[in-house]
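Chain by chain, the residues:
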Amino acid sequence: MLKGALVLYYFFALGQPLWAQDDVTAAAITPQDCSLDCIRQGGPGCEYCRITRADVKKALGFNSLQAFGSCIPWPCFKLLGEEDPKICQHYVQAPNDVKVEFVNELNPKSDTIVVSWKPSYYGIAFLRGFQVSLQALGGSSVACQLFLFHRNLSLPASHAEMVYKSDPFPGLPLGSQYAVTVMALPVPEEWERFYRSKIFSTRSCAEKNGLEQCKKDWYPKHIEVQQEGTAITVTFNLAPPNLGIRSYFSLCYANGKKKYTDITPNFSKNKTHHSYQLDDLQEGTNYTCEIAANEVDAVRKTFSVQVMHIQNGGSSTRSVTPSLALMIPLCLAVVAILVVLLAALIRRRTRLQITNLDIKPDLIKQHQESGTQEEVTSLQRNRLTPPRLLICYSSTDGPAHVKAVMQLGAFIQQHMATQVCLDLWNSLSVAEEGSMAWHCRQIRESDFILVICSQGLNHRPQPPQDGDDGEEADRELVFGSNTFSSNAAVQLIGEEVGRAKTRGQDLSKYMAAIFEYSKETDIPTELRLVSHYMLPRDLQLLFSHLHGVALHRPGCYLKVNHISEEGFTELPAGAALQWAIYEARMAMTAKRHHYAEAGD
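Let me sum up the structure you'll find in this document.

1. Overview of the state of the cysteines
Right, so step 1: A complete count under the given rule lists three disulfides for this structure.
Right, so step 2: Bridging Cys34 to Cys49, the disulfide has an S-S length of 1.8 Å. Here the disulfide of Cys34 and Cys49 is left-handed, its torsion about the S-S bond being about -140°. Residue Cys34 is found in the loop between strand S1 (28-29) and helix H2 (36-41), and its partner Cys49 is found in strand S2 (residues 49-51); the two are separated by 15 residues along the sequence. With respect to class, Cys34 is no different from Cys49; both count as buried.
Right, so step 3: For Cys205, the disulfide goes to Cys214, at an S-S distance of 2.0 Å. Torsion about the S-S bond of the Cys205 and Cys214 cystine: about -85°, corresponding to left-handed handedness.
Right, so step 4: A relative accessible area of 1% places Cys214 in the buried class.

Structure (C-alpha cells):
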C-alpha cells in the first residue's frame, strides 16, 4: 500500500512535462502557492510551485509520508520503472551557482536564509523540479523543501541562465554551521552527481545586531597604554550597561611567561572608561597582551606593551678634569673589591646555615631549575589544509551512542583544527556511491582514521534470519545499513593495520577510541596495535596525534585550555558532547539492566 502511494505521489510530482518559456529574463524565480491539481492540469500561475506536506496528504490520502520527510531521494526505477521505464533513462546534472542569502529577521538570536541556484543545461529538457535540504553540522535535524514545474513543453538550454530561489529557512541559531544541498529532479536509478552542496555559517551576533548588543562578542575597541617610570597604565572603554558585564581580565605573555590581571572597574567613578596597572613586567621586553570581558567564550582584544629601559641620572659629560679621570678607575676598583668580599662573606654564611639545617645545596638548585612552564606552540605550517579525519562507528548501541559520535565530530571540527568526515553528514554521497564504496574511498583519502569502539561494534550482529521476532527485525531495519557497512570498514582497517605492521610501516594513520561508558575490551583485536584513547579525557592526546605536536618537553608542557579535560565543557560544543556522553551512558546502563532481567 505504501509503495503504491509513493508511486502515485512521484507520478503526480515528477511525471509531468514542463511549459515552454521562450522569454528568459534575468529576474530570480521565487516559489508560488499552487496545488497539485494545477500542476497536473497545466493551468496558468503554476510555473514553479512549492509542494507542502498538506498537498501530499490531500493527494495521497494518508497522514505520514516518510519519503517526503527524509532528504534522500528514492531511486526512480523502483517507483516509476514499471509504468514508464523511459523516465528513468534521462540524467539531469546538478544545479550551478548555489548561493546562500541572509534575510532580515527581527529575532536577534537567529538568522533566516534563502537559497538560490541556476539549473544546468545538461538534461534541462527533462528537468521536473528541485529539492532543497538544509542540515546542521553536528546534528541530525534536516529541513527539506520540494519545488515542481507544471506540465507542458520542455525547457530550452537558454533557461539555464535563470536564477531559482527557495522559500526562507527561518530560525537558524547564530554562529552555527550548516550544509545546504540543491538536487535536480528526477533522480535516475544509476546516477552520477545530481546535486550540489555548500557549507556555510550563520552570522555572528555582532554581524547581525552590532557589537554593542552582544555580550560574548563584545570587546574593547579603544585601548591606550602609558608608561611613567616603571608603571604601565592601560586605559580601555567599558561595555555598555545593558550587557551586564561587571568584570574583565588581562593576560600578557612574553618569553614563555604569563601575567594575569583581574580587573573590576568602579562604575560609580566612571561608566565609560577604566584604567588599571600592569606590574612586575621586565624592562626592555615586548609583551603581547589580551583584554576581554570576564565571560565564557568572550572575544579578546590584542594589544602590545613595550617596557622601556629606565635610565637613572643625567648624562653630564661636558668637561672632565685630569684628576677626576684618575679617581674614577680607582673608585671603581675599590668598589669591586668590596663587592667581592661581601659576596664571599654572604655565601659562607649561607652555606653554614644550610649545613645547620641539613639541606643539600644541589637539591635547592635542582628545585629552582625544574619549574615547569607553559609553552606557546604553533601548529605545523607546512600543511596547507587541516588534517582530514574519518570517524567510523557502529549504530547497534542505539541513537544515544550515535548522537555522542556526532557531537564528538562537531567538537573536533570546530575546536581542534581538523576536517571531520562522517557518514551522517554526507548522506547523499553515501546514497550515491553506496555505503561500502563510500567508506573505502574515505579510508583511502583521509589523513587519519578514528574508530569509535563500543560493545555493539565489538560484538558484531549477524544478518537477520527467517523466523526472527518482530522486535529484532525492526532493530535491524533501523540500524542495519550502518551496522554491516561500518563493521566491514573496520575489517578493512584491521587488514590495513596488519599489513602495515608486517611491513614495518607507520601506523599513525589509524586510531581507536572509546567513550567513558565503554571498556577497553570493546576495542577489536585487529585495532589493539594502534593508538587508542579514552574520550573525552584524552582530547589533548588526540589533538597531539592529529597535529604532531608534543604535549611534554623537558622543562615545559603544552596545555590547550579549550580541549583540556577540565576546560572543554566551557565551550558550547564541549558541553553538548558531555551531555551526549551522559545520555549514552544512561541508555547503555538501562540496556544492560534490561538484558540482565531478561536473562533471569
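That covers the picture; the talk isn't over yet.
2. Comments concerning helix H14 (residues 539-547)
Right, so step 1: Where burial is concerned, most of H14 is hidden: eight out of the nine residues are buried.
Right, so step 2: All buried positions along H14 are accounted for by Leu539, Gln540, Leu542, Phe543, Ser544, His545, Leu546 and His547.
Right, so step 3: Backbone geometry just after H14 places Gly548 at a positive phi near 65°.

3. Things to note about the sheet that holds strand S19 (residues 388-392)
Right, so step 1: Strand order across the open sheet formed by five strands is S20-S19-S21-S22-S23, with parallel pairing between neighbours. Two strands close off the open sheet at either side, each with one partner strand: strand S20 (419-421) and strand S23 (531-535). Ignoring which end each strand starts from, the neighbouring axes of this sheet average 25° apart.
Right, so step 2: Note: strand S22 (residues 510-515) against S23, five bridges, orientation parallel. Each bridged residue has a counterpart across the sheet, and for Ala513 the counterpart in S23 is Tyr533.
Right, so step 3: Across the sheet, helix H11 (residues 435-445) is in contact with S19, S20 and strand S21 (448-452); its angle to S19 comes to roughly 140°.

Thresholds applied
Residues numbered from 1 in each chain as written. Predicted model: local features only at pLDDT ≥ 70, side-chain atom pairs only at ≥ 80, totals over all residues. Heavy atoms only, no water. Disulfide = S-S within 2.5 Å. Helix = DSSP H or I, 4+ residues; strand = E, 2+ residues; numbered from the N terminus. Buried < 20%, exposed > 50% of the residue type's maximum accessible area, 1.4 Å probe, protein only. Pairing = 2+ DSSP bridges. Axes fitted to C-alpha atoms, helices over the stretch in contact; angles between N-to-C directions. Contact = heavy atoms within 4.5 Å.

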